[in-house]
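Spelled out from the first residue to the last, the chains are:
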Amino acid sequence: MEKKKVALITGVTGQDGSYLSEFLLAKGYEVHGIIRRSSVDYRERIAHLEGTPNFHLHYADMGDSMSLVKLVGKVQPTEIYNLAAQSHVQVSFDAPEFTADVDAVGVLRILEAVRTNHLEKTCKIYQASTSELYGKVEEVPQNEKTPFHPYSPYAVAKLYGYWIIKEYREAYDMFCCSGILFNHESERRGETFVTRKITLAAARIAQGKQDCLYLGNLDSLRDWGYAKDYVECMWLILQHDTPEDFVIATGVQHTVREFATLAFHYAGIELRWEGEGINEKGICTSGPANLVGKTLVAVSEAFYRPTDVVNLWGDPTKAKTELGWNPQTTSFEQLVQIMVNHDMQKVAADHVASVMRTNLAEYLEKGIVK
Ligand code: NAP
Ligand code: G4F
């Protein structure tokens, strides 16, 4: 009889954690996820999974070794997906120590929790590594052999995670691997990452709920894929015969400006770009009549970073040939469209809900409903 597959996911409430949970549940896994205490218990991305028989949530924290040791002992996972992180690059400049504790030492805590429970020969570990390791890039496109040059406190912390995974693989013969993932986005992406910030703003501007979108570096280049496609690759990395690190990317690059142009297009607005640097503006050339001629996108220094990674472009050849993964499942155009369609509906639904709340308040005040 095949051994029961038990996955433990740190970062289960995040974008990737939610898609990975769905993916592993569909494959028949028992899925355990780590949640942490916050003042608002609102787990939007996994709310639909709560109550599913094979889906279990546990309180623990990447900063609390004891909680991780106890949980790994209790769950006895056959696979751990370490996705938990302070994942926002700009925030890492404001909270560098917290970022290091969770994103660097947190990885060590997971590895030691596995060793403490004597599971190093039965539990495989996936580490969510990142293209930010290439940072101030030394070659394009980037592959598994490209030198690293981290360029933010986040990337420096993640570099420790990458090396400690490699060290435990070699020192203790553990099956632990890093997926060096390039940016992947979705309708579940956090709202302060540039893609989601753009798709939500395009939807709000198209529906008269926002006047202008302020962005930072419009020239920055990213290799953007769809998160739903990328979680399959995390799983494939752990099903490979040998523990190895893989670059996961689409192999296609676009600027932030191109993403914004396309997002507004799908929201029914065409933009023309004028000016340079801090003075650059996206002006509406067609769309709702009241918007034509207006500046809908402007640049704000508030979104510039002390050091910015500006040329990420991944080479997914190894993942394609050795894992059989298809990096082109969802195209850039499809990704932007999925996100804009979702946010157009979200903004419309939020508007209806807000009107209903206002009406209800008025009816209660007038005694029409009690
Ligand atoms: P995300 O949406 O920001 O999710 C991060 C997750 O980490 C959340 O579940 C968060 O929990 C959890 N977390 C943060 N601090 C924690 C702590 N101290 N203890 C326990 N959990 C903690 O990130 P994502 O986009 O899904 O990315 C997943 C992983 O891949 C991250 O490690 C990220 O650095 C890495 N990565 C992402 C990309 C990308 O483009 N998305 C690319 C390369 C690498 P709360 O909900 O409680 O905050
Ligand atoms: O969307 P971003 O914040 O993502 P970033 O910094 O690339 O990090 C994401 O991808 C990494 C993989 O490479 C992950 F490891 C990490 O966890 C995270 O998921 O910014 C993308 C680019 C940057 O160059 C930034 O300077 O967009 C530029 N940008 C321009 N205006 C902006 C903005 N970024 C944000 N967040 N907000 C802006 O207004």
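See above for the structure.
Let me sum up the structure you'll find in this document. (Residues numbered from 1 in each chain as written. Chains lettered and ligands numbered in written order. Predicted model: local features only at pLDDT ≥ 70, side-chain atom pairs only at ≥ 80, totals over all residues. Heavy atoms only, no water.)

**Observations concerning the sheet that holds strand β3 (residues 55-59)**
If you trace the 7 strands from one edge of the open sheet to the other, you get β3-β2-β1-β4-β5-β6-β11, paired in parallel fashion. Edge positions in the sheet fall to β3 and β11 (246-248), since each has one partner strand and no second. For this sheet, the mean angle separating the axes of adjacent strands, direction not counted, is 20 degrees. Where strand β5 (residues 124-130) meets strand β6 (residues 176-181), 6 bridges bridge the pair, whose relative direction is parallel. Bridge assignment links I125 to a residue of β6, and that residue is C176. The strands touched by helix α1 (residues 15-26) are β1 (6-10), β2 (30-35), β3 and β4 (79-82); relative to β1, the strand with the most contacts, the crossing angle is about 175 degrees. (Pairing = 2+ DSSP bridges. Helix = DSSP H or I, 4+ residues; strand = E, 2+ residues; numbered from the N terminus. Axes fitted to C-alpha atoms, helices over the stretch in contact; angles between N-to-C directions. Contact = heavy atoms within 4.5 Å.)

**Describing the pattern of salt bridges**
What the rule picks out here adds up to 17 salt bridges. Residue R43 is joined to E50 by a salt bridge in which the shortest nitrogen-to-oxygen separation is 3.0 Å. According to the relative accessible area criterion, E50 is partly exposed, its value standing at 34%. R272 is the partner of E274 in a salt bridge, and the nearest nitrogen-oxygen pair spans 2.5 Å. Relative accessible area serves as the criterion here: at 37%, E274 is assigned to the partly exposed category. Each of the salt bridges in this network shares a partner with another, and the network as a whole consists of D219, R257 and E280. (Salt bridge = Lys/Arg side-chain N within 4 Å of Asp/Glu carboxyl O. Buried < 20%, exposed > 50% of the residue type's maximum accessible area, 1.4 Å probe, protein only.)

**Observations concerning the site of ligand 1**
Near ligand 1 there are 25 residues, and of these T13, R36, L83, S87 and Y154 occur at the shortest range. Within the side chain of K158, one N or O atom sits 2.8 Å away from an oxygen atom of ligand 1. Against a free-state accessible area of 910 Å², the protein chains account for coverage of 87% of ligand 1. Listing elements by their share of the shell around ligand 1, those giving two or more residues are α1, β5 and α5 (153-172). When residues of the shell around ligand 1 are assigned to their parent elements, the largest contribution, 3 residues, is made by β5. Each residue belonging to the shell around ligand 1 can be placed in one class, and the counts come to 10 nonpolar, 9 polar and 6 charged. (Near = heavy atom within 4 Å. Polar contact = N/O pair within 3.5 Å; in protein donor to acceptor, adjacent residues only side chain to side chain. Areas by Shrake-Rupley, 256 points an atom, 1.4 Å probe, with all protein chains shown as cover. Nonpolar A, V, L, I, M, F, W, Y, C, P; charged D, E, K, R; others polar.)

**Some thoughts on the site of ligand 2**
The immediate surroundings of ligand 2 are formed by 24 residues, with T130, S131, Y154, S220 and R305 found nearest. Here a nitrogen atom of ligand 2 sits 2.9 Å away from a polar atom, N or O, in the main chain of T192. Protein contacts shield 96% of the accessible area of ligand 2, which totals 700 Å² for the unbound molecule. Taken together, the residues of the shell around ligand 2 sort by class into 9 nonpolar, 9 polar and 6 charged.

**Things to note about the sheet that holds strand β14 (residues 281-286)**
Taken in spatial order, the 4 strands make up an open sheet running β8-β15-β14-β13, and their pairing is mixed. Edge positions in the sheet fall to β8 (213-215) and β13 (270-274), since each of these pairs with one other strand and no more. Strand-to-strand twist across the sheet, computed as the mean angle between neighbouring axes with direction ignored, equals 25 degrees. As paired elements, β8 and strand β15 (residues 295-299) share 3 bridges and run parallel to each other. Bridge pairing links L213 to V297 in β15. On top of the sheet, helix α6 (residues 194-206) reaches β8 and β15; it is set at about 160 degrees to β8, its chief contact. Contacts from helix α8 (residues 256-266) reach β8, β13 and β15, with the element oriented near 150 degrees to β13.

**A look at the side chain of D343**
Note that D343 resides in helix α10 (residues 332-365). Take D343: its relative accessible area is 0%, and that puts it in the buried class. Once residues within four sequence positions are removed from consideration, D343 is found in contact with R196, T199, L200 and A203.

**A few points about the pairing of β4**
Remember that side chains alternate between the two faces of the sheet whenever the strand is regular. Burial of β4 is two-sided: the residues E79 and Y81 facing one way and the residues I80 and N82 facing the other way are all buried. Examined bridge by bridge, β1 and β4 share 4 bridges and lie parallel to one another. Counterpart to T10 in the pairing with β4 is N82.

**Regarding α8**
Looking only at α8, the buried set comprises V256, R257, F259, A260, L262, A263 and F264. Buried-residue contacts for α8 involve α6, β8, β12 (254-255), β13, β15 and α10. Of the residues trailing α8, G268 is marked for its positive phi of about 90 degrees.

**Focus: the state of the cysteines**
Counted under the stated rule, the structure contains 0 disulfides. Free cysteine: C123, not disulfide-bonded; nearest cysteine sulfur from C176 at 9.7 Å. When its relative accessible area of 1% is taken as the criterion, C123 is described as buried. Free of any disulfide, C177 has its nearest cysteine sulfur in C176, 6.8 Å distant. Of the residues examined, C177 reaches a relative accessible area of 0% and is grouped as buried. (Disulfide = S-S within 2.5 Å.)

Nothing here speaks to function; it is geometry throughout.
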